Number of protein chains: 2
Amino acid sequence: MRSLIYLMGGIILGVCTQRYILPQTDNSQTSVGNHGDDRGEQNAPCRQDDNPPTDFPDPNLRDEGSSVWCKGSNHTDRTCKFQNLCYSPGEDDFIFFHGPQSVLNGIPGNLEPALLDMTSVRDHNSLYFTYVDLEAAHLDYFDNVDFYHGDNVIFNRFNPDNLMHVLHDDLLPLFTTLSQITSSDEHLFNLDTRIILMEGWKPGEYKDLYQLFSDVPVVLKSNLKSTESPGNNLICFRNAFLGLSKSTVWYDYGFTKPQGRVANVKTTATEIRQFTKFVEKRLGIVSDDSRAEEFIVILSRKINRLLLNEGELMFALIQQFGLKVMSLSVETHAIREQIELVSKASVLIGVHGSLMSLSMFLRESAVVIEIFPYAVNPEKYTPYKTMATITGMNLVYRAWRNTKVENTVTHPENPPHLGGIQHLSDDEQEVITQSKDVPVHQCCSDPQWLYRIYQDTVVDIGEFIETLKSAFSERTLESGNTSVNLYPSKVKNVTCNLTRTPEDYSNLPSEEIWDNPALALSWIPPWNVKYLTYDSIKYEVWIQESGRSDYSAWVVSVTEYKFTKHIKQDTSYNAWVRCILNDTIVGPFAGAVVCS
Amino acid sequence: MRSLIYLMGGIILGVCTQRYILPQTDNSQTSVGNHGDDRGEQNAPCRQDDNPPTDFPDPNLRDEGSSVWCKGSNHTDRTCKFQNLCYSPGEDDFIFFHGPQSVLNGIPGNLEPALLDMTSVRDHNSLYFTYVDLEAAHLDYFDNVDFYHGDNVIFNRFNPDNLMHVLHDDLLPLFTTLSQITSSDEHLFNLDTRIILMEGWKPGEYKDLYQLFSDVPVVLKSNLKSTESPGNNLICFRNAFLGLSKSTVWYDYGFTKPQGRVANVKTTATEIRQFTKFVEKRLGIVSDDSRAEEFIVILSRKINRLLLNEGELMFALIQQFGLKVMSLSVETHAIREQIELVSKASVLIGVHGSLMSLSMFLRESAVVIEIFPYAVNPEKYTPYKTMATITGMNLVYRAWRNTKVENTVTHPENPPHLGGIQHLSDDEQEVITQSKDVPVHQCCSDPQWLYRIYQDTVVDIGEFIETLKSAFSERTLESGNTSVNLYPSKVKNVTCNLTRTPEDYSNLPSEEIWDNPALALSWIPPWNVKYLTYDSIKYEVWIQESGRSDYSAWVVSVTEYKFTKHIKQDTSYNAWVRCILNDTIVGPFAGAVVCS
């Protein structure tokens, strides 16, 4: 008994049992139970009855097969759009069904080590995407084929329990990817795109954040398992986009080298602000641009990496700055409240840790102070500093580091992943406890790093107040909109004449005029400069004798000029003109004109 | 008076006059007349009243500005999606309005020589796309801002009067581009995507072919000129895709080197067949797979490059092969009829020329015979041969060349672009008329090439019949579906144990057993091989001593094996296993297992 179920918007619109291919004799209409998504199933007529797919192209997967179109030159920058990509929950593999209409466009000859990355984290070999080959005719061997129609973005969450990873690795890349590959008249992207999370983890505490990016229920890998004969079912995606944008990634977690900002941070404050604004809107957070109520938020960890004198610190801040101080913790605030509070705060204070990623929600001109426990060098751990200091974020970032060993409390007795070191030899323990700076290490389980980062800290109030004062003094309350260089457009109407009687020489004897051929060039200024503001406008002119590869270059501040130097009679020349503003902002060349 | 008109699906749904930005005191509702598209305007309420855009993000272009997301590393392979890209008909330039929410993602630092190509023809410097910078605030200076909502694909037709260029440069790349960037549940792509043709030519005789790719009226550059104060209007595109796919291009026209097939033809018969099938369906041509009526089509040129004994040839073909012979010409058949006739023919015969591109519509196992006039070498002019011989097209291609000078009629008296040579010196004319083979040349106005290609030809019937007979003998009536290599998937459940008592040695003295440590590896075959057909299945095993960079490789034909060679006791090893079918089809490695 084969059945084909169409999942629309993640909600099963009814269960339509039909023979999938090559009908057998059994015609009974058997319900095959609750499949896929658990958001509720209705006894509505199934899509096929309701709104039959047209026969162009043939909706039958066996006739069509899968198709794929990819862009990118290697697996780390490749993105692909699949049509009719299937997934086998039993084998935990994606399947490409090679059929008579299968297109493979932009697929490399060698799929090793992978077709593409399933995450924005570059080249992580446990998060590769490949597919398994079958012929479309092999569909006969599968019992049930369920279809997710519409557009589906499929990726792996990198670490869905950690807010920094959620925001930096998943949600901002997802936001950019959706902006790139989908479109909408009302929104930045199409909110009907379904999000498929394939890493296989539980929903996690941040699942609702993923849901913000789609009006269609988010699908987890576990949702793809049909209850019935899971070993021989297929889930197919009509349109599947794979390959998250990596363009917004600013931090390298150090799997193959010490962690740090990526070599060439490409993301912009505008992208991050659009992202946070989107999240806030979708969470129903009303932004309040009036700066009436300035307040400080302290991220308060309750389990480990404690601020031992948090109360004293709060009191001192109130006294010193006359501002309200709010304490925020994951134990007392839901993620929506965390974001709302931070989005309205003037100052965010917290110990190094993933919650500090909330600083991207701070409004412009806010202050971030990141506290580092004893022996942890702020310059080596900069995921939040990197983000806060992107041009245009207009945040004031300060690291405050505990330099007093008497103000730190270590936890050698902890389990190793929380900084315990009792599993190590006495010598190793001695090295660790005596060190004043964690040496360079790779992610993610260096015992010395864990020992130090899980220390509790008594904040030196005097030092801290000075740090915050210095940060306040640097705030600029104007908007941090980065000024964009606006380039002059091409000059137009370039005309060019070779003349032997330049007006300038009109009172010279005629022989001399004859000896002074001139190239008369004129043009119209770039049309956009009338809107631009600038201090100087000049034009660069290139003149090349036809057939030669060298040229002479001139800068003039007029829009017509007669060039005489090196100009010979009865010779033809090519000329190019471009506009330069303020001596540095160079516009494009207008296409060559030929003067003869 | 500023007005904002929303164009939906190319049809103005009403004219909604409103102040665009910063309202002045004038509140009158003035109709601003007929703008943009000439397909008809209704007095329906405008979109804004009907279905107001939500306020997220702000629909006001001045607040949003333009945005762009690009992929690709240089202008020849870059594709971009713009939001709110505008065009000024007065200046004939696209404009990027830099606003507070403008995203520039994937834009290179230097836009020279261009952001991207407006055509699938690589790096043609008259078909570059760049935009002009303005600030969003400069919108105040424009009178009317008309909006094309929805998705828009914008490109330049390369040569819309020439069918080969239309199909190869524009429509097949458009088909692939739409498949890549849009999606649909029913079709290969979204037919609601609007096509904007920006090269500025007249509609041309093939405009209807472009219209096949969209259910929304195609827009020409001339449609973008508003009737009112054209100098100061803007046409904006909510979502604009630029950069045609170049992946299907198979021919280089020889602008910078002699013409010929591109170095690495990537397009596949499946893509071309999908394309022609799409065109036929959209033209309402019912494909008839029964091979009941075999017939020959002769492409009959009426003006120049004539077959002087066309009637005799047709008669000979009928007599020799007993097949119906139809004559097809642009003078007697509309493009739809041309395509329909060719799509049902068994043989297509024609002189080298753009109409020969119709051969892509031939059904499988059909024969193409391309006739070359005297002194024109078929090996140098292969746009149709290249296409016909793509693996899987399953066409039989033959060139027939007139080698008899007495059978050619030259036209030295023609204008130069039709092969006339009387504008040349006597010596030059002599060289040309005496030559027996046109020397290598670049596109597009070599007089010797034009002289020869515009000859009329008397076909040698005997030779021609032999050519066609030979072609017929090569026809294979089976489908030309190229067999795809299906790769075995990863082996699963790789387990690995170091053992000192291999069963094989159980009857040896115990010391020897002790001296023979073994690595026992086992795995489960790739799950997809049960569906595949193959002659042999083997496994390649790599074994590496931990910490070393060299490894030993083994091929076995079982799924468990005890390796003893070079295996030392108390040593740990890494092992990898992959499946190989027929000694050549190599599957991916399963991830390393550690054996200790």
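Everything in this summary refers to the structure shown in the same document. (Residues numbered from 1 in each chain as written. Chains lettered and ligands numbered in written order. Predicted model: local features only at pLDDT ≥ 70, side-chain atom pairs only at ≥ 80, totals over all residues. Heavy atoms only, no water.)

1. Details of the overall build of chain A
When its secondary structure is counted, chain A shows 12 helices and 30 strands. Expressed as a percentage of contacts within chain A between residues at least 6 apart in sequence, the contacts between residues at least 24 apart total 71%. Total accessible area computed for chain A in this model is approximately 24900 Å², and 48% of it derives from carbon and sulfur atoms. (Helix = DSSP H or I, 4+ residues; strand = E, 2+ residues; numbered from the N terminus. Contact = heavy atoms within 4.5 Å. Areas by Shrake-Rupley, 256 points an atom, 1.4 Å probe, with all protein chains shown as cover.)

2. Side note on the interface of chain A and chain B
Facing the 71 residues of chain A at the interface are 69 residues of chain B. Summed over both partners, the interface of chain A with chain B comes to about 6200 Å²; 51% of that surface belongs to carbon and sulfur atoms. Taken together, chain A and chain B are joined by 4 salt bridges. The residue Asp93 of chain A makes a salt bridge to Lys492 of chain B at a minimum N-O spacing of 3.2 Å. Here chain A and chain B share 44 residue pairs in polar contact (both at pLDDT 80 or more) between them. (Buried area = accessible area lost by both parts, 1.4 Å probe. Salt bridge = Lys/Arg side-chain N within 4 Å of Asp/Glu carboxyl O. Polar contact = N/O pair within 3.5 Å; in protein donor to acceptor, adjacent residues only side chain to side chain.)

3. Some words on the relation of the copies chain A and chain B
Note on the copies: chain A fits chain B at an RMSD of 0.1 Å, the axial shift is 0.0 Å, and the rotation between them is 180 degrees. What the rotation and shift describe, once combined, is the action of a two-fold rotation axis. Mapped onto chain B, 97% of the interface residues of chain A are again interface residues, and the two copies thus contact each other with one and the same surface. (Least-squares fit on C-alpha atoms with pLDDT ≥ 70 in both.)

4. A look at the environment of His333 of chain B
Positionally, His333 of chain B belongs in the loop between β17 (324-328) and α7 (335-344). Engagement of the side chain of His333 of chain B in a polar contact is seen with the side chain of Thr332 of chain B, the distance being 2.7 Å.

5. Re the sheet that holds strand β16 (residues 295-299) of chain B
Strands pair in a sheet through their backbones, by hydrogen bonds, and they do so in one of two ways: parallel or antiparallel. Residues and elements named next belong to chain B. Read from one edge to the other, the open sheet built from 5 strands follows the order β17-β16-β18-β19-β20, with strand pairing classed as parallel. On the outer flanks of this sheet lie β17 and β20 (396-401), each paired with one strand and no other. In this sheet, neighbouring strand axes are inclined to one another by 20 degrees on average, regardless of whether the strands run parallel or antiparallel. Across the sheet, helix α6 (residues 310-321) lies against β16, β17 and β18 (347-351), angled at about 155 degrees from β17, the strand it touches most. Packing of helix α11 (residues 461-474) onto the sheet brings it into contact with β16, β18, β19 (367-372) and β20, and relative to β20 it is tilted by some 165 degrees. (Pairing = 2+ DSSP bridges. Axes fitted to C-alpha atoms, helices over the stretch in contact; angles between N-to-C directions.)

6. Quick look at a negative patch on the surface
Residue and element names in this part refer to chain A. Residues Asp426, Asp427, Glu428 and Glu430 make up a contiguous surface patch of negative charge. Position of Glu430 relative to the elements: it lies in helix α9 (residues 426-434). According to the relative accessible area criterion, Glu430 is partly exposed, its value standing at 48%. (Patch = residues over 30% accessible without salt bridge, like charges linked within 9 Å, V, L, I, M, F, W, Y side chains within 5 Å. Lys, Arg positive; Asp, Glu negative; His and termini not counted. Charge placed at Lys NZ, Arg CZ, Asp CG, Glu CD. Buried < 20%, exposed > 50% of the residue type's maximum accessible area, 1.4 Å probe, protein only.)

7. Observations regarding the packing of aromatic side chains
Residues and elements named next belong to chain A. Evaluated as defined, the whole model comprises 60 aromatic pairs over all chains. Considering the side-chain rings of Phe175 and Phe278, the 5.5 Å spacing of their centres and the 55 degrees angle between planes classify their relative orientation as tilted. Here Phe175, found in helix α3 (residues 163-181), pairs with Phe278, found in helix α5 (residues 269-282); they are 103 residues apart in sequence, far enough to count as distant. Looking at Phe175, the relative accessible area reads 4%, which means it is buried. Judged by relative accessible area, which is 1%, Phe278 ranks as buried. Relative to Phe278, the ring of Phe213 has its centre 5.0 Å away and its plane inclined at 35 degrees; by these criteria the two rings are tilted. Here Phe213 is found in the loop between α4 (207-211) and β12 (219-220), whereas its partner Phe278 is found in helix α5, with 65 residues between them in sequence. Both residues of the pair, Phe213 and Phe278, belong to the buried class. (Phe/Tyr/Trp six-rings, centres within 6.5 Å; stacked < 30°, edge-to-face > 60°.)

8. Observations regarding the state of the cysteines
All names here are of chain B. Taken as a whole and assessed by the stated rule, the structure comprises 8 disulfides over all chains. Between the sulfur atoms of Cys70 and its disulfide partner Cys80 the distance amounts to 2.0 Å. Handedness of the Cys70-Cys80 disulfide follows from its S-S torsion of about 105 degrees: it is right-handed. You can see Cys70 sitting in strand β3 (residues 67-71) and its partner Cys80 sitting in strand β4 (residues 79-88), a full 10 residues away along the chain. (Disulfide = S-S within 2.5 Å.)

9. Concerning the pairing of strand β4 (residues 79-88) of chain A
All names here are of chain A. When you tally the buried positions in β4, you get 9 out of 10 residues, the bulk of the element. Direction of pairing for strand β3 (residues 67-71) relative to β4: antiparallel, over a ladder of 5 bridges. Considered in β4, the bridge of Trp69 is made with Lys81. Sheet analysis places β4 next to strand β13 (residues 233-242), joined by 7 bridges and oriented antiparallel. Within the sheet, the bridge partner assigned to Phe82 lies in β13 and is Ala240. Here β4 runs beside strand β5 (residues 93-98); their pairing, made up of 3 bridges, is antiparallel. Opposite Ser88, over in β5, you have Asp93 as the bridge partner. Joining the antiparallel neighbours β4 and β5 is a turn of 4 residues, in which Asp92 adopts a positive phi near 55 degrees.

10. Some words on the environment of Pro173 of chain A
All names here are of chain A. Counting through the fold element by element, Pro173 comes out in helix α3. Put simply, Pro173 and Val121 are 52 residues apart on the chain and 10.0 Å apart in space, counted from C-alpha to C-alpha. For Pro173, the residues in contact, after removing those within four places along its chain, are Ser120, Leu167, His168, Leu244, Ser245 and Thr248.

11. Some words on the side chain of Thr386 of chain A
All names here are of chain A. Secondary-structure assignment places Thr386 in helix α8 (residues 383-388). On the basis of relative accessible area, Thr386 is assigned to the buried category, the value being 3%. Reaching out from Thr386, the side chain makes a polar contact with the backbone oxygen of Thr382 at a distance of 2.6 Å. Sequence-distant contacts of Thr386, defined by excluding residues within four places in its chain, comprise Trp250, Tyr251, Arg261 and Val265.

12. Things to note about α6 of chain B
Residues and elements named next belong to chain B. Between its first and last C-alpha, α6 extends 16 Å over 12 residues, near the 16 Å set by a 1.5 Å rise per residue. By the burial criterion, the buried members of α6 are Glu310, Leu313, Met314, Ala316 and Leu317. Buried residues of α6, seen end-on, are gathered within an arc of 165 degrees and therefore sit on one face of the element. Away from its buried face by more than 90 degrees, α6 exposes Gly311, Phe315 and Gln319. Looking at the buried positions of α6, the neighbouring elements they touch are β16, β17, β18 and α11. Positive backbone phi, approximately 65 degrees, marks Gly322, located one or two places after α6. (Expected span 1.5 Å × (residues − 1). Arc of directions from axis to C-beta.)

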